[in-house]
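Structure at a glance
One-letter residues, chain by chain:
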Amino acid sequence: VTASVGSLAQIKSVEGDLVVESVLTADARAETWGAAAGLAAIGGSESFADADGTVTTEAAGELTARNILVTSTAKTTAVTTARGLAGGLALGVGGTGAISNASPSVTSRVGSASTLDVAGRTTVEAQVTPQAVSNAWGVAVTGGVGVGVANSRATASPTVTASYHSQGQQLGTDTSGLNVTATMHQPASGHTADADATAGSGGVAVGAMGATALATS
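Residues numbered from 1 in each chain as written. Predicted model: local features only at pLDDT ≥ 70, side-chain atom pairs only at ≥ 80, totals over all residues. Heavy atoms only, no water.

A few words now on the nonpolar core. By size, the foremost hydrophobic cluster in this structure holds 21 residues, and its most contacted members are Leu18, Leu63, Ile68, Ala74, Val106 and Leu116. Among the elements of the structure, strand 1 (2-5), strand 2 (10-33), strand 5 (54-83), strand 9 (105-118) and strand 10 (122-137) are those that each provide at least two residues to this core. At seven residues, the largest contribution of residues to this core is made by strand 5. The next biggest cluster of nonpolar side chains, apart from the first, holds eleven residues, and it includes Ala28, Ala51, Ala78 and Ala102. (Core = buried A, V, L, I, M, F, W, Y, C linked by side-chain atoms within 4.5 Å. Buried < 20%, exposed > 50% of the residue type's maximum accessible area, 1.4 Å probe, protein only. Helix = DSSP H or I, 4+ residues; strand = E, 2+ residues; numbered from the N terminus.)

This is the structure in structure tokens:
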């Protein structure tokens with residue numbers, strides 16, 4: 001997603017505001033279920049979800065306005081659920097994997113080929129709210145042998161940048177004439193990265209299972 005005012009632009013809005021804005025909202029979800037059998041259940045279940053994307057907003061040229069706002073916003077959510085096999089009386093073999101990634105790139109900038117004449121405030125801001133959630137449940141068997149591993153990975157690692165490179169700016173009397181901010185917000189509910197893994201219930205005779213969970217932000 002890109003919004004820009006090019007370096008050859010000439011905009012004069014002495015009494016008005018100039019707003020250049022780009023917004024990304026991404027929601028990726030995946031869910032898988034393993035098969036179930038009477039005597040034997042063999043297989044795996046894997047889910048992958050990526051909510052990435054690139055958001056760029058740029059202003060350049062000769063710009064005159066009361067206030068100038070250059071803003072980029074991204075809200076990305078990736079959720080995965082993987083459920084293992086169930087119900088083999090004699091044998092259950094398989095693993096589950098749930099991988100979620102919410103790592104967008106968000107950039108706002110005033111380019112070097114720009115000259116600004118602003119009576120009030122110039123604001124350059126980049127904001128991102130990522131959330132990655134993964135849940136993995138292992139194999140479940142009622143008797144015999146149960147073998148499987150539940151792996152869960154959640155990564156929320158965005159890149160957020162705000163920059164100002166104007167050749168010159170005539171600032172007004174506003175004491176907050178220039179604000180440049182880059183911010184990563186926590187989601188309204190839950191964690192930025194949340195991984196959960198639950199090992200399956202083993203067989204009566206043999207149970208060889210495990211669970212690993214890793215959340216990175």
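Now, onward.
Consecutive residues of a regular strand have side chains that alternate between opposite faces of the sheet. With respect to burial, strand 10 is a largely interior element, 13 of its 16 residues being buried. The pairing of strand 5 with strand 10 spans 16 bridges and is classified as parallel. Paired with Thr73 across the two strands is Gln127, which belongs to strand 10. Relative to strand 15 (residues 178-184), strand 10 runs parallel, the two being bridged by seven bridges. When the bridges of strand 15 are listed, Val124 appears paired with Val180. Pairing analysis gives six bridges linking strand 10 to strand 16 (residues 193-198), with the strands arranged parallel. From the neighbouring strand, Asn135 faces strand 16, where its bridge partner is Asp196. (Pairing = 2+ DSSP bridges.)

Mapping Ser47 onto the fold places it in strand 4 (residues 45-50). For Ser47, a relative accessible area of 1% gives the class buried. Reaching out from Ser47, the side chain makes a polar contact with the backbone oxygen of Thr81 at a distance of 2.8 Å. Setting aside anything within four residues of it in sequence, one finds Ser47 in contact with Ala30, Glu31, Thr32, Thr80, Thr81, Ala82, Gly97, Ala98 and Ile99. (Polar contact = N/O pair within 3.5 Å; in protein donor to acceptor, adjacent residues only side chain to side chain. Contact = heavy atoms within 4.5 Å.)

Time to look at the pattern of salt bridges. All chains considered together, the criterion is met by four salt bridges. Between Asp17 and Arg66 there is a salt bridge; the shortest N-O distance is 3.0 Å. You can see Asp17 sitting in strand 2 and its partner Arg66 sitting in strand 5, a full 49 residues away along the chain. Assessed through its relative accessible area of 38%, Arg66 is described here as partly exposed. Arg83 is the salt-bridge partner of Glu31, the closest N and O atoms lying 3.7 Å from each other. Of this pair, Glu31 sits in strand 2 while Arg83 sits in strand 5; the two residues are 52 residues apart in sequence, bridging distant segments of the chain. Residue Glu31 is classed as partly exposed on the basis of its relative accessible area, which comes to 49%. (Salt bridge = Lys/Arg side-chain N within 4 Å of Asp/Glu carboxyl O.)

Take Asn151: it is sitting in strand 12 (residues 145-155). Residue Asn151 is classed as partly exposed on the basis of its relative accessible area, which comes to 30%. Along the sequence, Asn151 and Asn135 sit 16 residues apart, while their C-alpha atoms lie 8.4 Å from each other.

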